[in-house]
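What follows is the residue order along each chain.
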Amino acid sequence: ALINGLSKIPTHQKKTVYLCQLLIRIAKGKNLECHFENDQRISPLESALSFWTLLEREEIKPEKLHEDIRRLIQIQIVAVHMENGYFKEAAEVLERLFTDSESDKPLRVKLATVIKSKDPYVPLLQSFSYNLLISKIKSYIELFMKENETNFLIQAATKQVESKGLGATALQNKTVNVNENDKRNLETKQRFVLSIILLRDMLGQKLTTSTFSVFKFWLFCGLNNLQNVEKHGDALACGRRRQRWTYKEDLELKSGIREFGVGNWAKILVHGDFNNRTSVMLKDRWRTL
């Protein structure tokens, strides 16, 4: 559907589509029986190169990483053919890759020499291996994801908080007893709190009574856990998870199973009186009993 409707996709989303097209071709790159183009001569990696070209055009300023990936794809297109014993096809591919004799002339000459040697294990092909290509692609993906991280939830939550007059800025800048090394944890907590407010306001009126009870319990435990971590550190949270079951809790568990049945741990958890347990803990305790 994406491919057929490519012309209708907004410009800012096309790069994502190109990247998806590239990745599936890289994933199938060593399978010469797999075809993405009508022309059966075009290997998955050769097809991938065309989408990498489209991605490069979207870049404002190409970096060395882009050049490295292009070179690696070109080399591996030839290498994969040679590994499969298709030396004639490798020579034909080389002609298609470098139609302009002056374009990347040194690389073209080196690859032509490699093809003539009919040795797929020469140092050039080993140095610019398929694993290195995958590694470079992963680096590109990480940069892409970082630059295009979606902040929809946090933005929507902030707007919701502001509309309620709760002071989103103050909430986001709330002072928490953490050091510089915990900055990422603090950001996660801020996102969590804002997301909860959004979910509460947007979904609260649409949930059934029983489901809303589960949601409220999750909200309570989540915020309570954050508060405890802020005050006492992660050790307290870990300690709480390991605390011994009481006789009263065992009775609550048995009572809940009689009422809701084995497997309905979320319901049992919400309606029972447990000391900050999780549904997984209930399941494990019942197995022990």
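- Looking up the protein chain in an unreviewed UniProt entry gives the name Telomeric repeat-binding factor 1, with the organism given as Fulmarus glacialis.
- Recorded in UniProt for the protein chain, the comment headed Subcellular location (unreviewed entry) runs: "Chromosome, Telomere".

1. Here we look at the overall build of the protein chain
Item 1. Check the secondary structure of the protein chain and you find 15 helices and zero strands.
Item 2. Counting only residues that meet the buried cut, the protein chain has 35% of its 289 residues in that class.
Item 3. As displayed, the protein chain has an accessible area near 18,600 Å², and 52% of this comes from carbon and sulfur atoms.

2. Let's talk about unusual backbone geometry
Item 1. Despite not being glycine, Lys118 has its phi angle at roughly 55 degrees, a positive value.
Item 2. By relative accessible area, Lys118 is classed as exposed at 53%.
Item 3. Positive phi is not limited to glycine here, since Asn276 has a value of about 55 degrees.
Item 4. When you line up the elements, Asn276 lands in the loop between helix 14 (265-271) and helix 15 (279-288).

3. A few points about the side chain of Glu249
Item 1. Relative to the helices and strands, Glu249 resides in helix 13 (residues 247-260).
Item 2. When its relative accessible area of 4% is taken as the criterion, Glu249 is described as buried.
Item 3. Of note is the side chain of Glu249, whose polar atom sits 2.9 Å from the backbone nitrogen of Asn275.
Item 4. Here Arg277 takes part through its side chain, which lies 3.0 Å from a polar atom of the side chain of Glu249.
Item 5. Not counting residues up to four positions away in its chain, the partners in contact with Glu249 are Arg244, Asp273, Phe274, Asn275 and Arg277.

4. Re the confidence of the model for the protein chain
Item 1. On average, residues of the protein chain carry a pLDDT of 77, and 64% of them reach 70 or more.
Item 2. Across the protein chain, element-level confidence peaks in helix 3 (residues 64-83) with a mean pLDDT of 92 and bottoms out in helix 9 (residues 168-172) with 46.
Item 3. Predicted confidence for residues 167-178 stays below pLDDT 50, and this span has 18 contacts to residues more than four positions away or in other chains.

5. Considering the pattern of salt bridges
Item 1. Applying the stated criterion across every chain, the model contains twelve salt bridges.
Item 2. In this structure, Arg96 engages Glu46 in a salt bridge whose closest nitrogen and oxygen atoms are separated by 2.8 Å. Within this pair, whereas Arg96 is found in helix 4 (residues 87-97), its partner Glu46 is found in helix 2 (residues 44-58), the two being separated by 50 residues in sequence.
Item 3. On the accessibility criterion, Arg96 (25% relative accessible area) is partly exposed.
Item 4. Among the salt bridges present, the one from Lys136 reaches Asp68, with a minimum N-O distance of 3.4 Å. Note that Lys136 is positioned in helix 7 (residues 130-147) and Asp68 in helix 3, a separation of 68 residues in sequence.
Item 5. Taking relative accessible area as the criterion, Asp68 reaches 6% and is therefore assigned buried.
Item 6. Beyond isolated ion pairs, a larger network of salt bridges with shared partners links Lys64, Asp68, Arg71 and Lys136.

6. Topic: the packing of helix 2 against helix 3
Item 1. Packing of helix 2 against helix 3 brings their axes to within 9 Å, and their N-to-C directions diverge by 165 degrees. Relative to helix 3, the element helix 2 lies roughly antiparallel. Crossing of helix 2 over helix 3 shows left-handed handedness. Between helix 2, through Leu45, Glu46, Leu49, Trp52, Thr53 and Glu56, and helix 3, the contact on the second element is made entirely by His66, Ile69, Arg70, Ile73, Gln74, Gln76, Ile77 and Val80.
Item 2. Broken down by class, the residue content of the contact of helix 2 with helix 3 amounts to seven nonpolar, four polar and three charged.

7. A few points about the packing of aromatic side chains
Item 1. Within this structure, the stated rule accounts for three aromatic pairs.
Item 2. Aromatic pair Trp52 and Tyr140: ring centres 5.0 Å apart, planes at 75 degrees, arrangement edge-to-face. Here the residue Trp52 occupies a position in helix 2, and Tyr140 occupies one in helix 7, the gap between them amounting to 88 residues. Both residues of the pair, Trp52 and Tyr140, count as buried.
Item 3. Consider the rings of Trp245 and Phe274, whose centres lie 6.1 Å apart with planes at 70 degrees: the pair is edge-to-face. Within this pair, whereas Trp245 is found in the loop between helix 12 (234-241) and helix 13, its partner Phe274 is found in the loop between helix 14 and helix 15, the two being separated by 29 residues in sequence.
Item 4. On the basis of relative accessibility, which here comes to 19%, the residue Trp245 falls in the buried class.
Item 5. Here Phe274 falls in the buried class, since its relative accessible area comes to 12%.
Item 6. Lying over the aromatic face of Trp245, Arg277 brings its terminal NZ or CZ to 4.4 Å of the ring centre.

What counts and what doesn't
- Residues numbered from 1 in each chain as written.
- Predicted model: local features only at pLDDT ≥ 70, side-chain atom pairs only at ≥ 80, totals over all residues.
- Heavy atoms only, no water.
- UniProt positions renumbered as here; feature names shortened; annotations may be inferred.
- Helix = DSSP H or I, 4+ residues; strand = E, 2+ residues; numbered from the N terminus.
- Buried < 20%, exposed > 50% of the residue type's maximum accessible area, 1.4 Å probe, protein only.
- Areas by Shrake-Rupley, 256 points an atom, 1.4 Å probe, with all protein chains shown as cover.
- Polar contact = N/O pair within 3.5 Å; in protein donor to acceptor, adjacent residues only side chain to side chain.
- Contact = heavy atoms within 4.5 Å.
- pLDDT = per-residue confidence, 0-100.
- Salt bridge = Lys/Arg side-chain N within 4 Å of Asp/Glu carboxyl O.
- Axes fitted to C-alpha atoms, helices over the stretch in contact; angles between N-to-C directions.
- Parallel < 35°, antiparallel > 145°, perpendicular 65-115°, else oblique.
- Left-handed = near helix turned anticlockwise from the far one by under 90°.
- Nonpolar A, V, L, I, M, F, W, Y, C, P; charged D, E, K, R; others polar.
- Phe/Tyr/Trp six-rings, centres within 6.5 Å; stacked < 30°, edge-to-face > 60°.
- Lys NZ or Arg CZ within 6 Å of the ring centre and 35° of its normal.

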